[in-house]
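Chain and residue survey
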Amino acid sequence: MTRTLTFLGLESSCDDTAAAVVRMEETGPRILASVVAGQTALHAPYGGVVPEIAARAHAEKLDLCVEEALAEAGVTLADLDGVAVTAGPGLIGGVMSGVMCAKGIAAGAGLPLVGVNHLAGHALTPQLTEGLAFPYLLLLVSGGHCQFLIAHGPEEFTRLGGTIDDAPGEAFDKTAKLLGLPQPGGPAVEAEAMSGDPKAVHFPRPLLDRPGCDMSFSGLKTALLRARDAEVAEHGGLRRQARRDLCAGFQAAVTDVLAEKSRRALREYLAHAPEHPAFAVAGGVAANATIRARLEQVAAEVGATFAAPPLKLCTDNAAMIAYAGIARFETGAQDGMDLSARPRWPLDRSAPAMLGSGKKGAKA
Amino acid sequence: MPAEGYVLGFDTSAAHCAAALLHAGRPVAERREEMSKGQAERLMPLLEELLACAGIGWHDLAAIGVGTGPGNFTGVRISVAAARGLALSLGIPAIGVSTLEAQAEGLPRPVTVVEDARRGEVYLQSFTADGASEPALLPLTELPPGIAGHALTGSAAALAYAEVQAGEIVEPAMPLAEAIARIAARRAGTPQPRPAPLYLRSADAAPPSDPPPVILD
């Protein structure tokens, strides 16, 4: 019998400051509170997340989010069994603020501290929300990450492949910026694409001609820039319909790449003969209706259950960190007051590095 | 009323981990370790060692004083975030103390604290019988003339002395963390804002250089 465990979670690895309280009961996990304070407005003038601005906001917001989450959950620190915190990978200034705040809370409250890999938080979310059984295939696709993982257990992941350059969410943001659309780019580009012709402008399908599950998205941005500049040169500006077509063409290319690579990842996953085959997507890009529908179709083709957690648990949040912390804690893991914040921390340490294989180690 | 019990002060705003413990206004334990990195890993164990050395635990603290800089951005955040977490869990105030103010603690007025801010600039604040000036980030070549008769202290005191050619260079009256704890102890009796880093220098982010295209209707 598993005993009831209640954990506080803290997340600050990118541009969302978040705190949550999750309770593991005999019947399964329950989110008692999940507070997310975004920073979109702070970064909007810069066309992307500025690490120092993010870190400054996290440092002065984390404890407020924790207080709000505790109040919303109707618990005090005395009701908790532990504190879980994102210890990487991510923007180091923010991660460090979160880790230090968590240490202060854990030390003062006499609670165990558990450092959580942010990617594990995303990867375990389908368990938290859908109760998916291991092993399942996960596509994590967000502004900072893009990878296929087989989740075998709470701390056991196999990475089948991922992006070798930009993450799709980043590519959506850059597309929006190049086309004069607002940030965050995902929803803005999707809305434009609805009334655009995806075939009006041809976009490449990077790496589809190569075997495996690795992806590349930076070339799409270059193709978009060229097409935009050609349009501007010809007409002295960007016509609204041309902008819609560019958005539709870009989105179609991203969708095709994700769908085909998902097919390949599913083949590799199904070779493990899972009893209940399941394909889950997590990350903000999973909110794109076109992409989501195509991935759902790919899962249906091979008879795998398709799962996409609700959007607020797909994007960065602390409930997933609290849940992953409970999962780690249940395996007997716990960290000391010397817990490090790590900018780089691949989930699957056996897979060769995709990004940044320098002396600082693999980024993903 | 100042805090009568134990007050812990700590700082990681530069290449060190420093902490001091006061009891009834008197220093009872102090630690300072020089390090250019690793403060995030070292700070909490060092604080626990300091408390253990005085034979007390976290719950014996009445207030916390934390160095808010100016200084290394990441270093300042390490201490401020930890202090805010501790304040939340212990239910005691955490009080932010600028390292400029801390360095002037216990020194005769007038005194000007000048800290090296690199790039030819300094962080500067003057303390006179009338009070303190606003802390500022200034080019070393544009020091306020009013500091000419002041005692100078801080890591850039010698640089400032070479510029103004007046006054004298003095050493701080006490270790930095002790000064932070003393100032925090004095303020602990009145409501204080949560500690926040004193950056003085902006985040150094520039808006994108390439303008968006002209949209044609």
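In this numbering scheme, every chain counts its residues from 1 along its sequence in written order. Chain letters start at A and ligand numbers start at 1, both assigned in the order the entries are written. Local features in a predicted model are, by the rule used here, given only for residues with pLDDT of at least 70; side-chain atom pairs are given and counted only at 80 or more, and totals for whole chains, interfaces and linings are based on all residues. To obtain the side-chain values, all non-hydrogen atoms of the structure were included, while hydrogens and water were left out.

Stated formally: UniProt positions are given in the numbering used here, feature names are shortened, and annotations may be inferred rather than shown by experiment.
Under the annotation held in an unreviewed UniProt entry, chain A carries the name tRNA N6-adenosine threonylcarbamoyltransferase and is attributed to Paenirhodobacter ferrireducens. Comment text from UniProt for chain A, heading Catalytic activity (unreviewed entry), reads "L-threonylcarbamoyladenylate + adenosine(37) in tRNA = N(6)-L-threonylcarbamoyladenosine(37) in tRNA + AMP + H(+)". Reading the Subcellular location (unreviewed entry) entry of the UniProt record for chain A gives the comment "Cytoplasm".

**Quick word on the domain arrangement of chain A**
Residue and element names in this part refer to chain A. The condition that has to hold: These domain boundaries are the output of an automatic or database domain assignment. Contact criterion: two residues are considered in contact whenever any of their non-hydrogen atoms come within 4.5 Å of each other. Buried surface area refers to the total accessible area, computed with a probe of radius 1.4 Å, that the two partners give up upon joining, counted for both partners together. By salt bridge we mean one thing: a side-chain nitrogen of Lys or Arg within 4 Å of a carboxyl oxygen of Asp or Glu. For helices the rule is a DSSP run of H or I covering at least 4 residues; for strands it is a run of E covering at least 2, with both sets numbered from the N terminus onward.
Each assigned domain of chain A is listed with its residue range as follows: domain 1 (5-130 + 315-358) and domain 2 (136-311). Its C-alpha centre places domain 1 at a distance of 26 Å from the equivalent point of domain 2. Opposite the 26 residues of domain 1 that make contact, domain 2 presents 29 residues. Both faces considered, domain 1 and domain 2 share a buried interface measuring about 2,200 Å² in area, 67% of it formed by carbon and sulfur atoms. Across the domain 1-domain 2 interface, the total number found is 1 salt bridge. For Arg328, the salt bridge goes to Glu155, with nearest N and O atoms at 3.3 Å. Within the residue set of the side of domain 1 that touches domain 2, elements represented by two or more residues are helix H5 (118-130) and helix H12 (319-330).

**Concerning the pattern of salt bridges**
Condition: Remark: exposure states derive from per-residue accessible area (1.4 Å probe, protein chains only) relative to the maximum for the residue type, with buried under 20%, exposed over 50%, and partly exposed in between.
Counted under the stated rule, the structure contains 29 salt bridges over all chains. In this structure, the salt-bridge partner of Arg84(B) is Asp63(A), at a minimum N-O distance of 2.9 Å. Of this pair, Arg84(B) sits in helix H2 (residues 73-90) while Asp63(A) sits in helix H3 (residues 62-73), on two different chains. Given the relative accessible area of 5%, Arg84(B) is considered buried.

**Details of the UniProt feature "domain: Gcp-like" (unreviewed entry) in chain A**
Residues annotated by UniProt as "domain: Gcp-like" (unreviewed entry) correspond here to residues 31-323 of chain A. With 50% helix and 17% strand, residues 31-323 of chain A has end C-alpha atoms that lie 9 Å from one another.

**Here we look at the state of the cysteines**
Threshold: When two cysteine sulfur atoms lie within 2.5 Å, the pair is treated as a disulfide.
Tallied over the entire structure, the rule returns 0 disulfides over all chains. Here Cys213(A) stays free of any disulfide, with the sulfur of Cys146(A) as its closest cysteine sulfur at 11 Å. You can call Cys213(A) buried: its relative accessible area is 2%. Between Cys53(B), a free cysteine, and Cys17(B), which holds the nearest cysteine sulfur, the sulfur-to-sulfur gap is 16 Å.

**Considering the layout of surface pockets**
Residues and elements named next belong to chain B. Filter applied, for reference: Throughout, the protein atoms alone are placed on a 1 Å grid, and a set of points is a cavity if a 1.4 Å probe fits but cannot get out or a pocket if it is open with protein on both sides within 12 Å along at least five of seven lines; lining residues have an atom within 4 Å of a point. Grid points are joined across faces, edges and corners, and a volume is the space filled by probe spheres set on the points. Note that Gly is not counted as nonpolar here; it falls among the polar residues with everything else outside the nonpolar set of Ala, Val, Leu, Ile, Met, Phe, Trp, Tyr, Cys and Pro and the charged set of Asp, Glu, Lys and Arg.
Roughly 1,000 Å³ of volume is contained in the second largest pocket. Taken together, 47 residues make up the lining of the second largest pocket; nearest its centre are Ser13, Ala14, Ala15, Gly71 and Asn72. Top element by residues in the lining of the second largest pocket is H2. It accounts for 4 residues. Here the residues of the lining of the second largest pocket sort into 18 nonpolar, 17 polar and 12 charged.

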